Amino acid sequence: MSKTQKALKKFEKQVASNVSHGFGAFTHKVGNFFVRIFKVFDSKLTIMIVPHSQSKVINFQTNVFALLLGVLVTIGVLASFFYYNRRSISANMEISSLVEQNRATLASLDELRDENANLFQAAKRFQTSLSQSLSLLGIEQVKNTSETSASNGDLSALFSSTEVTQGSLKEVADVKELTSYLEDAVKPIEQIGKMLKTQQNLFTEIPSICPVKNPNYHISMAFGPNIHPLNGNWYIHKGLDFSTWRSGDGVLATASGQVVTVGFDNSFGNYIIIKHNHGMYTRYAHLNSFRVKKGETVSQGQIIGTIGNTGVSTGPHLHYEVHIGSDVVDPAKYININFSK
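The structure contained in this document is the topic of the report that follows. Small disclaimer: the values here were computed from a predicted structure and weren't measured.

**Let's talk about the overall build of the protein chain**
- Tallying secondary structure elements over the protein chain gives four helices and 14 strands in all.
- For the protein chain, with 341 residues in total, the buried portion stands at 27%.
- Taking all contacts inside the protein chain whose residues are at least 6 apart in sequence as the whole, residues at least 24 apart take part in 60%.
- Just so you have it, the protein chain exposes about 23300 Å², and 58% of that area is on carbon and sulfur atoms.

Here it is, written out as structure tokens:
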């Protein structure tokens, strides 16, 4: 073995010895530390309770570990008490809030039930009116296809039905029944709308509106026996005279039809005759100007001329006549005129 090898071997032994010695010293120190700690915790303590009176002194012995453990347990118990007490207060506040919300919900439910009752009262009136209207129009009422009202097509089955249950379930069932009825009532109402739409042309073919556009008119002479304003004799006035105290106001066609005459007459002055369906004619006399031509088709409410003072006239006005065949009739029977104007 060479000298180098011997030196290396010696160095290794020295390092191993130092490490072993150092580890042993560290272990010994750690052991001594824990021994001292144990001795501290195992130190005996005597706790004495001395009353102010002459009672016997109370004393007991313990050690530091038991005392610290007792303190920690006491702190834990107190902390748990305060934590759960706070949670309990928060839970009580939440419960109180829920109770108030429940009261508000119950109040809203009562109001809803009252409104539901009012709805049923209104539905009863609607049922009566609808039944009467359908009977007058000759429309057969639609039968309700629901099981609870299979034998009756109106609300009578709904209102005479026995209560299925109490509380909110009853209200839900009632609303469902009412909804079913209203859905079935849509069809006859649509039939009424279609019927009215088909009658719209009839309304426009009858002279049923005021012939003067200006609402500030007055009837200067009514239909029938009157004193002639020029000769003072009694005669039959065959129309209505509308006056607005001025010339130029629009004259309206009182019904849809065809213009058959646009001309001048010494008595009527400028005048227009319109032929309507159902054998009806209307005449508009003493006009200032024309807005239509002969043969033209006009619609109800269309301006056909303006009020004037032509022909035999004492002032600006419109002389308006309604003829059915060869008969002259009172125009007031066909138009809504307030004679108090």
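**Details of the nonpolar core**
- The biggest cluster of nonpolar side chains holds 23 residues, and the ones touching the most others in it are Phe-242, Ile-272, Ile-274, Tyr-284, Ile-304 and Leu-318.
- When contributions to this core are tallied by element, the ones reaching two or more residues are β6 (240-243), β9 (269-275), β10 (280-290), β12 (303-307) and β13 (318-324).

**Topic: the pattern of salt bridges**
- This model, assessed by the stated rule, comprises three salt bridges.
- Taking the shortest distance from any N to any O, the salt bridge between Glu-100 and Arg-103 comes out at 3.2 Å. Here the residue Glu-100 and the residue Arg-103 both occupy positions in helix α2 (residues 64-137), the gap between them amounting to three residues, near one helical turn.
- By relative accessible area, Glu-100 is classed as partly exposed at 46%.
- Across the pair Glu-321 and Arg-283 runs a salt bridge, and its minimum N-O distance is 3.0 Å. One end of the pair, Glu-321, is in strand β13; the other, Arg-283, is in strand β10, and 38 residues separate them in sequence.

**Overview of a nonpolar patch on the surface**
- Taken together, Phe-26, Val-30, Phe-33, Phe-34, Ile-37, Val-40, Phe-41, Phe-65, Leu-68, Leu-69, Val-73 and Val-77 make up a surface patch of nonpolar side chains, about 1100 Å² in accessible area.
- The element contributing the most residues to the nonpolar patch is helix α1 (residues 3-41), with seven residues.
- With respect to the secondary-structure elements, Val-77 resides in helix α2.
- Owing to a relative accessible area of 52%, Val-77 belongs among the exposed residues under this scheme.

**Let's talk about the side chain of Asp-330**
- Tracing the chain through its elements places Asp-330 in the segment after β14 (327-329).
- Of the polar contacts made by the side chain of Asp-330, one reaches the backbone nitrogen of Ala-332; its length is 3.0 Å.
- For Asp-330, the contacting residues outside a window of four places in its chain are Phe-223 and Leu-240.

**Looking at the environment of Leu-252**
- On the secondary structure map, Leu-252 appears in strand β7 (residues 250-252).
- Residue Leu-252 is classed as buried on the basis of its relative accessible area, which comes to 12%.
- Along the chain, Leu-252 and Thr-306 lie 54 residues apart, while their C-alpha atoms are 8.7 Å from each other.
- Setting aside anything within four residues of it in sequence, one finds Leu-252 in contact with Cys-210, Pro-211, Val-212, Lys-213, Tyr-284, Gly-301, Gln-302, Ile-303 and Ile-304.

**Here's the deal with the packing of aromatic side chains**
- All chains considered together, the criterion is met by six aromatic pairs.
- Relative to Phe-242, the ring of Tyr-217 lies with its centre 5.7 Å away and its plane at 65°, an arrangement referred to as edge-to-face. Of this pair, Tyr-217 sits in the loop between α4 (168-205) and β3 (218-221) while Phe-242 sits in strand β6, and the two are 25 residues apart along the sequence.
- Accessibility expressed as a relative area gives 0% for Phe-242, which makes it buried.
- Connected via pairs of aromatic rings, a cluster forms that spans Tyr-217, Phe-242, Tyr-284 and Tyr-320.
- Over the aromatic face of Phe-268 sits the side chain of Arg-283, whose NZ or CZ is 4.3 Å from the ring centroid.

**Some details on the side chain of His-319**
- Within the secondary structure, His-319 is located in strand β13.
- Here His-319 falls in the buried class, since its relative accessible area comes to 6%.
- A distance of 2.7 Å separates a polar atom in the side chain of His-319 from a polar atom in the side chain of Glu-321.
- With residues up to four places along the chain from it excluded, the contact list for His-319 reads His-237, Lys-238, Gly-239, Leu-240, Asp-241, Phe-268, Arg-283, Tyr-284, Ala-285 and His-286.

Rules behind the numbers
- Residues numbered from 1 in each chain as written.
- Predicted model: local features only at pLDDT ≥ 70, side-chain atom pairs only at ≥ 80, totals over all residues.
- Heavy atoms only, no water.
- Helix = DSSP H or I, 4+ residues; strand = E, 2+ residues; numbered from the N terminus.
- Buried < 20%, exposed > 50% of the residue type's maximum accessible area, 1.4 Å probe, protein only.
- Contact = heavy atoms within 4.5 Å.
- Areas by Shrake-Rupley, 256 points an atom, 1.4 Å probe, with all protein chains shown as cover.
- Core = buried A, V, L, I, M, F, W, Y, C linked by side-chain atoms within 4.5 Å.
- Salt bridge = Lys/Arg side-chain N within 4 Å of Asp/Glu carboxyl O.
- Patch = residues over 30% accessible without salt bridge, like charges linked within 9 Å, V, L, I, M, F, W, Y side chains within 5 Å.
- Polar contact = N/O pair within 3.5 Å; in protein donor to acceptor, adjacent residues only side chain to side chain.
- Phe/Tyr/Trp six-rings, centres within 6.5 Å; stacked < 30°, edge-to-face > 60°.
- Lys NZ or Arg CZ within 6 Å of the ring centre and 35° of its normal.

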